[in-house]
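Commentary on secondary and tertiary structure
The primary structure of each chain is shown beneath.
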Amino acid sequence: MGAHGVKAVFFDLDNTLVDTAAAGRRAIEEGGGLTGTSRPLQVIKALQTKHHYSEGEARLVCDKVQAKLLRECHDPAKMCITDLRISHWEEAIQETTGGEANRHLAAECYFLWKTTRLKHLTLAEDIRGMLTELRKDLRLLLLTNGDKQTQREKIEACACQPFFDAIVVGGEQKEEKPAPSIFRYCCDLLGLQPAECVMVGDSLDTDIQGGLNAGLKATVWLNKAVTTPEDISPVPHYIIASVLDLPSVLQKMEHKMNSQLGTDHIASNNE
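In short, a report on the structure. (Residues numbered from 1 in each chain as written. Predicted model: local features only at pLDDT ≥ 70, side-chain atom pairs only at ≥ 80, totals over all residues. Heavy atoms only, no water.)

**Some words on helix 9 (residues 204-213)**
Taken residue by residue, helix 9 has Leu204, Asp207, Ile208, Gly210 and Gly211 as its buried positions. On its buried face, helix 9 sits against helix 8 (180-190), strand 4 (197-201) and strand 5 (218-222). The distance from a side-chain oxygen at the start of helix 9 to the backbone nitrogen of Asp205 is 3.3 Å, and the residue carrying that oxygen is Ser203. Among the residues trailing helix 9, Gly215 stands out with phi positive, at a value near 75 degrees. (Buried < 20%, exposed > 50% of the residue type's maximum accessible area, 1.4 Å probe, protein only. Helix = DSSP H or I, 4+ residues; strand = E, 2+ residues; numbered from the N terminus. Contact = heavy atoms within 4.5 Å. Polar contact = N/O pair within 3.5 Å; in protein donor to acceptor, adjacent residues only side chain to side chain.)

In structure tokens:
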């Protein structure tokens, strides 16, 4: 597969290889445990049973936290990720109930959510199989944005290290995706040129724009939505509904390159 151009694939982590969003939702809705309790409790249930919140109040707190996570801007030079995310819970609790800030309760909720989310972060067996097969012919690299502690914990939790030749975390670099510098760093790690590498990810703004900025061979956008928007920007080279569709895309690329090589060969003979 790598003989005619593609020699490596860069994979995004969150919501590409592992369903981080679903794990976060399950951390709120499903089991976990609070220190000092005699039975497993979820965040919503914990707020109800231990802290006497109504179900509506508990759900509103969690909804507010989810919204804050989506808008989150983290500067590690100013605050560690743990303090920032405890603050999300603290603000959500205060916005919902009024009264005094409750840092202790916020920390309790955050660590319950975090621990449970990590338990639900798994690299599915079919994805493991796909990565194993791809690695027989290609170099594989994991390229993820985010706080270094948080991302390293996720990587450890889903045990994906053995499937990659290299792992690059944006929070450990000077710049994150979509900056070309982090893609050049990845290429250098593998001893390859950008035109020999493909980027696969679910974010148009970071994965696809970054791959285009860096001049990679191709970008593959994972779009799990039922429909694809008509006017997407930036425009990826390929769109897939499941990361498991990637091998077929790579085969199409190989056939296209082989056809082009054949055409070029015929043209040079005619000359």
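Okay, back to it.
**Here's the deal with empty space enclosed by the protein**
For the coordinates displayed, the defined rule picks out one cavity of 30 Å³ or more. The wall of the largest cavity is formed by Arg85, Tyr110, Trp113, Lys114, Arg117, Leu118, Gln149, Thr150, Glu153 and Lys154. Secondary-structure elements contributing two or more residues to the lining of the largest cavity are helix 5 (103-120) and helix 7 (148-158). Element by element, the count of residues in the lining of the largest cavity is highest for helix 5, at five residues. Of the residues that constitute the lining of the largest cavity, the class distribution is three nonpolar, two polar and five charged. (1 Å grid on protein atoms, 1.4 Å probe; cavity = no way out; pocket = protein on both sides within 12 Å on 5 of 7 lines; lining within 4 Å. Points joined across faces, edges and corners; volume = space filled by probe spheres on them. Nonpolar A, V, L, I, M, F, W, Y, C, P; charged D, E, K, R; others polar.)

**Considering the packing of helix 4 (residues 81-97) against helix 5**
Direction vectors running N to C along helix 4 and helix 5 enclose 120 degrees, while the axes themselves pass 8 Å from each other. Comparing the axis directions of helix 4 and helix 5 gives the class oblique. Between helix 4 and helix 5 lies a crossing whose hand is right-handed. Contact residues: Thr82, Asp83, Arg85, Ile86, Ser87, Trp89, Glu90 and Ile93 in helix 4; Arg103, Leu105, Ala106, Ala107, Cys109, Tyr110, Phe111, Trp113 and Arg117 in helix 5. Along the lines of polarity and charge, the residues of the contact of helix 4 with helix 5 split into 10 nonpolar, two polar and five charged. (Axes fitted to C-alpha atoms, helices over the stretch in contact; angles between N-to-C directions. Parallel < 35°, antiparallel > 145°, perpendicular 65-115°, else oblique. Left-handed = near helix turned anticlockwise from the far one by under 90°.)

**Notes on unusual backbone geometry**
A cis amide bond links Lys177 to the next residue, Pro178, at an omega of 15 degrees. The linkage connecting Ser233 with the following residue, Pro234, adopts the cis geometry, with an omega of 0 degrees. Among the secondary structure elements, Pro234 is positioned in the loop between strand 5 and strand 6 (238-240). The residue Asn15 is not glycine, and still its phi comes out positive at about 65 degrees. For Asn15, the position within the fold is in the loop between strand 1 (8-11) and helix 1 (20-29). The phi dihedral of His52 falls on the positive side, at around 65 degrees, and the residue is not glycine. Tracing the backbone through its elements, the reader meets His52 in the loop between helix 2 (43-49) and helix 3 (55-70). Look at His52 and you get exposed, because its relative accessible area is 68%.

**A closer look at the nonpolar core**
Across soluble globular proteins, nonpolar side chains show a tendency to be buried alongside one another. One finds Phe11, Leu17, Leu123, Leu131, Leu142, Phe164 and Leu246 to be the most contacted residues of the largest nonpolar core, which totals 35 residues. The set of elements that each furnish at least two residues to this core consists of strand 1, helix 6 (125-134), strand 2 (139-144), helix 7, strand 3 (166-169), strand 4, strand 5 and helix 10 (246-270). Broken down by element, the residue count for this core peaks at five residues, all from helix 10. Ignoring sequence-local partners within four residues, the contact set of Leu142 consists of Phe11, Asp12, Leu13, Leu17, Ile155, Cys160, Phe164, Ala166, Ile167 and Val168. In this structure, Ala27, Ala46, Leu47 and Leu105 belong to the second largest nonpolar core, which totals 22 residues. (Core = buried A, V, L, I, M, F, W, Y, C linked by side-chain atoms within 4.5 Å.)

Geometric values such as these leave the question of function open.
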